[in-house]
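Residue-level structural notes
Chain by chain, the residues run as shown.
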Amino acid sequence: MTETAKMYGGSLYGLAAEEGLESELLPQIETAAKMLAENPDYLHLLSLPNLPKKERCGLIDEAFGGKMHLYVVNFLKILCENGTLRELKGCAREYRACYNEAHGIVEATAVSAVPLHDTARAKLEQKLSEMTGKAVHVANRVDPAVLGGIRLDLAGERLDGTVQARLDALRRDIAGTVL
């Protein structure tokens, strides 16, 4: 994430927090980032320097006005006017990071061979919440290379409970044994 994205995303979060709107704006800023990522031609159009800023901002009003909070729409216009609209995804990530920190939320990614069922995910979230003392939201990523078990990325740490990790540990133990 760039410094520009951190600055803009953090500033939007600060404003939202002052107004008590941080929970309302979070899904909107993430939706806007997703929509622009899914429509690169529209993002390119909004980034054209030969299209006057007023027209580009008008396009943002047409696309997002009335559907999203005025702060989000104005935020998009500011990014557009400053030529930094491509930073929106990073801004949304920074907004989420600020939100999570303020609300005691930790995000984790569980990598498994098959998708986790809702009950398994809920149990994992509960166990991790007990371990960390914070609310934990677990996202699941499926990786067919994982033979079994789960690899967990949590707060910058990797907890590897996969079959492959266990086999590697066993291999090291056997190789280290002197007969």
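Residues numbered from 1 in each chain as written. Predicted model: local features only at pLDDT ≥ 70, side-chain atom pairs only at ≥ 80, totals over all residues. Heavy atoms only, no water.

Examining the state of the cysteines
Rules: In this description, a disulfide is simply a cysteine sulfur pair whose atoms lie within 2.5 Å. Burial status follows relative accessibility: with a 1.4 Å probe on protein chains alone, a residue under 20% of its type maximum counts as buried, one over 50% as exposed, and anything between as partly exposed.
In the structure shown here, the tally under the stated rule is zero disulfides. With no disulfide partner, Cys 57 has as its closest neighbouring cysteine sulfur the one in Cys 80, 5.0 Å distant. Exposure remark for Cys 57: the relative accessible area of 8% places this residue in the buried category. In this model Cys 98 remains outside any disulfide bridge; the closest cysteine sulfur is found in Cys 91, 11 Å from its own.

Focus on the nonpolar core
Rules: Buried Ala, Val, Leu, Ile, Met, Phe, Trp, Tyr and Cys residues that are joined via side-chain atoms within 4.5 Å together make up what is termed a nonpolar core. Helix numbering and strand numbering both begin at the N terminus, where a helix is a DSSP run of H or I of at least 4 residues and a strand a DSSP run of E of at least 2. When checking whether two residues touch, look at their non-hydrogen atoms; a contact exists if any pair is within 4.5 Å.
With 30 residues, the main nonpolar core has Ile 29, Phe 64, Phe 75, Leu 76, Leu 85, Leu 88 and Tyr 95 as its most contacted residues. Contributing elements (two or more residues each) for this core: helix H1 (3–19), helix H2 (22–38), helix H3 (40–46), helix H4 (53–64), helix H5 (70–81) and helix H6 (88–102). Beyond its immediate chain neighbours, meaning those up to four positions away, Phe 75 contacts Tyr 8, Gly 9, Leu 12, Ile 29, Leu 88 and Cys 91. With 10 residues, the next largest nonpolar core counts Ala 108, Leu 116, Leu 124 and Val 138 among its residues.

Digging into the pairing of strand S3 (residues 150–154)
As a reminder of what qualifies: The pairing criterion is simple: DSSP has to find at least two bridges between the two strands.
Relative to S3, strand S1 (residues 105–112) runs antiparallel, the two being bridged by five bridges. Following the sheet pairing, Ala 108 is matched in S3 by Leu 154. With four bridges joining them, S3 and strand S4 (residues 157–160) adopt antiparallel strand pairing. Among the inter-strand pairings, Leu 152 is bridged to a residue of S4, identified as Leu 159.

Some details on the packing of aromatic side chains
Under the convention used in this document: Note on ring pairs: Phe, Tyr and Trp rings are taken, using the six-membered ring of Trp, and paired if centres are within 6.5 Å. Classes follow the plane angle, with under 30 degrees stacked, over 60 edge-to-face and the rest tilted.
What the rule picks out here adds up to two aromatic pairs. With a centroid separation of 6.4 Å and 70 degrees between ring planes, the pair formed by Tyr 8 and Phe 75 is classed as edge-to-face. On the criterion of sequence distance, the pair formed by Tyr 8 in helix H1 and Phe 75 in helix H5 is long-range, its members being 67 residues apart. In this structure Tyr 8 comes out as buried when scored by relative accessible area, which is 16%. Looking at Phe 75, the relative accessible area reads 7%, which means it is buried.

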